[in-house]
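Examination of the molecular architecture
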Amino acid sequence: MKLPPLLVYTVLRLLAFAVPLGILWLFPVFREYWWLAALFAALIGMSISLLFLRAPLSQASREIYAKRTRARDTTDEDAEDTVSGE
């Protein structure tokens, strides 16, 4: 069973944030300043995403584009059939 690319990308992005956040919470200073740990984890996750998640992002983008194109094409054909009276 193949997972949808958008689901794969979303899970990897969440992991790119959650893993650094968990590691940062191991340090005592970040337990007190949880908001600072969340900020650093977001920056680290964004960096990881930009560096390592290009392929999953491309696959997810292609899938979204293909679905939108198919939906638009189907809608246009149906509209043309309605106008022509078929």
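A brief report on the enclosed structure follows. Just so you know, these numbers come straight off a predicted model, no measurement behind them.

Quick notes on the rules
Residues numbered from 1 in each chain as written. Predicted model: local features only at pLDDT ≥ 70, side-chain atom pairs only at ≥ 80, totals over all residues. Heavy atoms only, no water. Helix = DSSP H or I, 4+ residues; strand = E, 2+ residues; numbered from the N terminus. Core = buried A, V, L, I, M, F, W, Y, C linked by side-chain atoms within 4.5 Å. Buried < 20%, exposed > 50% of the residue type's maximum accessible area, 1.4 Å probe, protein only. Contact = heavy atoms within 4.5 Å. Phe/Tyr/Trp six-rings, centres within 6.5 Å; stacked < 30°, edge-to-face > 60°.

A separate point is the environment of Leu-36. Within the secondary structure layout, Leu-36 lies in helix α3 (residues 34-52). Distance in space between the C-alpha atoms of Leu-36 and Leu-24 is 9.5 Å, their sequence separation being twelve residues.

Once that is clear, we can look at the nonpolar core. Within the largest apolar cluster, five residues are counted, these being Leu-21, Leu-24, Phe-30, Ala-37 and Ala-41. Of all the secondary structure elements, the ones that give two or more residues to this core are α1 (5-24) and α3. Ignoring anything within four residues of it in the chain, the contact list for Leu-21 reads Ala-37, Ala-38 and Ala-41.

Turning our eyes to something else, we now look at the packing of aromatic side chains. Taken as a whole and judged by the stated rule, the model has three aromatic pairs. Arranged with centres 6.5 Å apart and planes meeting at 70 degrees, the rings of Phe-27 and Phe-30 form a pair that is edge-to-face. Phe-27 sits in the partly exposed class, given a relative accessible area of 45%. Here Phe-30 falls in the buried class, since its relative accessible area comes to 12%. Note on Tyr-33 and Trp-35: the rings are 6.3 Å apart at their centroids and 80 degrees apart in plane angle, and the pair reads as edge-to-face. Relative accessible area serves as the criterion here: at 38%, Tyr-33 is assigned to the partly exposed category. By relative accessible area, Trp-35 is classed as partly exposed at 47%.

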